[in-house]
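# Structural description and commentary
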Amino acid sequence: MKRPWATAVSVTAAALVLTGVGVAAHTAQDGTGAPGPSAAATEPTAEQTRLLDRAEQVLISECMTEHGFAYDVTEPPDTQARSFPYVVDDIAWAREHGYGGAEERRLERVREADPNQRRLRSLPADRQEAARATLIGASPVGLSAKAPTGTTITASDQGCVASAQRALYGDLAAWFRVKVITMNLRPLRETQVREDARYTRAVERWAACMREAGRPYPTPDHTRRAAADFAARLPAKEADAAAASLAAAEAACATSTGLARVAQDLDRSYREELRTEYRDELQLRWRFQNDALPRARRVTAPHTATSTAHKDTSGGSHA
């Protein structure tokens, strides 16, 4: 079930679906491949990660254009959404935002207004299919990796997304594998926390508090379902008010019963354990990213200059 307060689809997550845009000339010219063993790699900063994501977008745009499809380089939407994977624990935030329904609706409007999505919807059915195949390949074959959660994830090694990642990272299969593994450490960690006896005992205390407050929900998952039900059957304003009241009660009980503290402590502990267990995979991903940064700067430099000049005259930010 999609959490109402979580950002729906970030550009980074979408990039995993789109990744694959590559021009063979880039790979051959740069001589890229899987990074070899080296000194401890440094985790990329948020700014460096945005640079890599933007470089992928630029390469995707170039690839799609070469195949006869327009594709805009877009920026990730600004979001005020917060993620509470276990329980809402900020009373003030809950009173104002509930479970983030208003923010989720705003982001949905942003996604609907995305120029690439609008353009795709405007195409005839056969051209839509051709555009998708050009972007992500005709079928999800060629790349496969097993996530730490046990799920096997596949994607095409053809298409503009694959080409872009190949151009940036070189060994596409190795990059795909290490990205799937490292991106799925968080859901694995959250599962571990929820299955921990210390967490379940804290949830029992929380549920008793909620019953006393007239909110007979056995787990935070049930409050999310209730919030989703509000959104489904009530006008937006009423649904937001009902969700805010429920979220505030949830946060108050999370604080008073210690559930918030237990969840945070367990999350921190399992995070460190997983970072140790998957150290090699994390280090390899960071080396891939560090090695790709010079290429990303070259790819984005002319595009950034063009975008800046465009902004000066029209205020736009798209290529």
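Structure shown above.
Quick look at the structure, then. (Residues numbered from 1 in each chain as written. Predicted model: local features only at pLDDT ≥ 70, side-chain atom pairs only at ≥ 80, totals over all residues. Heavy atoms only, no water.)

## Concerning the overall build of the protein
We apply this condition: Secondary structure is summarised from DSSP: a helix means a run of H or I of at least four residues, a strand means a run of E of at least two, and numbering begins at the N terminus for each. Burial classification: accessible surface area is computed with a 1.4 Å probe over protein chains only, and a residue below 20% of its type maximum counts as buried, one above 50% as exposed, and the rest as partly exposed. Here a residue-residue contact requires only that any non-hydrogen atoms of the pair lie within 4.5 Å. Throughout, the Shrake-Rupley method with a 1.4 Å probe supplies accessible areas, and for residues the shown protein chains are the sole cover considered.
Each helix and strand in the protein was counted, giving 15 helices and 3 strands. The proportion of buried residues among the 319 residues of the protein is 44%. Considering only residue pairs separated by 6 or more positions, the protein has 77% of its internal contacts joining residues 24 or more positions apart. When the accessible surface of the protein is summed, it comes to about 16300 Å², and 52% of that surface belongs to carbon and sulfur atoms.

## With respect to the packing of helix H11 (residues 197-212) against helix H13 (residues 236-256)
Spelled out, the test is: Every axis in this analysis is a line fitted to C-alpha atoms, fitted for helices over the stretch in contact. Angles between the N-to-C directions lie between 0 and 180 degrees. We call two directions roughly parallel when the angle between them is under 35 degrees, roughly antiparallel when it is over 145, roughly perpendicular when it lies between 65 and 115, and oblique otherwise. Should the near helix be turned anticlockwise from the far one by less than a right angle, the crossing is termed left-handed; should it be turned clockwise, right-handed. Amino acids outside the nonpolar list (Ala, Val, Leu, Ile, Met, Phe, Trp, Tyr, Cys, Pro) and the charged list (Asp, Glu, Lys, Arg) are all regarded as polar, and Gly is one of them.
Taken N-terminus to C-terminus, the directions of H11 and H13 make an angle of 130 degrees; their axes are 9 Å apart at the nearest point. Taken together, the axes of H11 and H13 are oblique relative to one another. Crossing of H11 over H13 shows right-handed handedness. Where H11 abuts H13, its residues Trp206, Cys209 and Met210 lie against Leu246, Ala249, Glu250, Cys253, Ala254 and Ser256. Looking at the contact of H11 with H13 residue by residue, the class counts come to 7 nonpolar, 1 polar and 1 charged.

## Things to note about the nonpolar core
Test applied: Here, the term nonpolar core denotes a set of buried Ala, Val, Leu, Ile, Met, Phe, Trp, Tyr and Cys residues that are joined through side-chain atoms within 4.5 Å.
Counting 32 residues, the largest nonpolar core has Tyr99, Tyr199, Trp206 and Leu259 as the members making the most contacts within it. Per-element accounting of this core gives the leading share, 8 residues, to H13. In this structure Trp206 touches Val87, Tyr217, Pro218, Thr219, Pro220, Thr223, Glu250, Cys253, Ala254, Thr257 and Leu259, once residues within four positions along its chain are discounted. By size, the runner-up hydrophobic cluster in this structure holds 28 residues, among which are Cys63, Ala167, Trp175 and Leu284.

## Regarding the state of the cysteines
Filter applied, for reference: Sulfur atoms of two cysteines make up a disulfide when they are within 2.5 Å.
Taken as a whole and assessed by the stated rule, the structure comprises 2 disulfides. A sulfur-sulfur distance of 2.1 Å marks the disulfide that ties Cys63 to Cys160. What sets the handedness of the Cys63 and Cys160 disulfide is the S-S torsion sign, and at about -75 degrees it is left-handed. Placement of the pair is Cys63 in helix H3 (residues 46-66) and Cys160 in helix H8 (residues 160-169), with a sequence separation of 97 residues. With its disulfide-bonded cysteines labelled consecutively along the sequence, the protein is connected as 1-2, 3-4.

## A look at the packing of aromatic side chains
Stated precisely, the cut-off is as follows: Centres within 6.5 Å make a pair out of two Phe, Tyr or Trp rings, where for Trp the six-membered ring is used; the pair is then stacked when the planes are under 30 degrees apart, edge-to-face when over 60, and tilted otherwise.
All chains considered together, the criterion is met by 5 aromatic pairs. Taking 5.6 Å as the distance between ring centres and 70 degrees as the angle between the ring planes, the aromatic pair formed by Trp175 and Phe288 counts as edge-to-face. Residue Trp175 is found in helix H9 (residues 172-183), and its partner Phe288 is found in helix H15 (residues 279-314); the two are separated by 113 residues along the sequence. Among the aromatic side chains, those forming a connected cluster through ring pairs are Tyr169, Trp175 and Phe288.

## Considering the pattern of salt bridges
Put simply, the test is: When a carboxyl oxygen of Asp or Glu is within 4 Å of a side-chain nitrogen of Lys or Arg, the pair counts as a salt bridge.
Taken as a whole and assessed by the stated rule, the structure comprises 18 salt bridges. Between Arg105 and Asp240 there is a salt bridge, with the nearest N and O atoms lying 2.7 Å from each other. Taken together, the residues Arg105 in helix H5 (residues 101-113) and Asp240 in helix H13 connect sequence positions 135 residues apart. Owing to a relative accessible area of 32%, Arg105 belongs among the partly exposed residues under this scheme. With a closest N to O distance of 3.9 Å, Asp265 and Arg261 form a salt bridge. Of this pair, Asp265 and Arg261 both sit in helix H14 (residues 259-277), 4 residues apart, which is roughly one turn of that helix. Here the salt bridges share partners, and the residues they tie into one network are Glu104, Glu108 and Arg111.

## Notes on H14
Filter applied, for reference: Take the number of residues in a helix, subtract one, and multiply by 1.5 Å to get its expected span. Relevant arc is that of directions from the helix axis to the C-beta atoms, nothing else.
Taking 1.5 Å of rise per residue, the 19 residues of H14 would be expected to cover 27 Å, and the 26 Å separating its terminal C-alpha atoms lies within 8% of that figure. All of the buried residues along H14 are Leu259, Ala260, Val262, Ala263, Leu266, Asp267, Tyr270 and Leu274. In a view along the axis of H14, the buried residues occupy a sector of 150 degrees, so they form one face of it. Turned more than 90 degrees away from the buried face of H14 sit Arg261 and Thr276, all of them exposed. On its buried face, H14 sits against helix H10 (185-195), H11, helix H12 (220-233) and H13.

As far as function goes, none of this settles anything; it's purely spatial.
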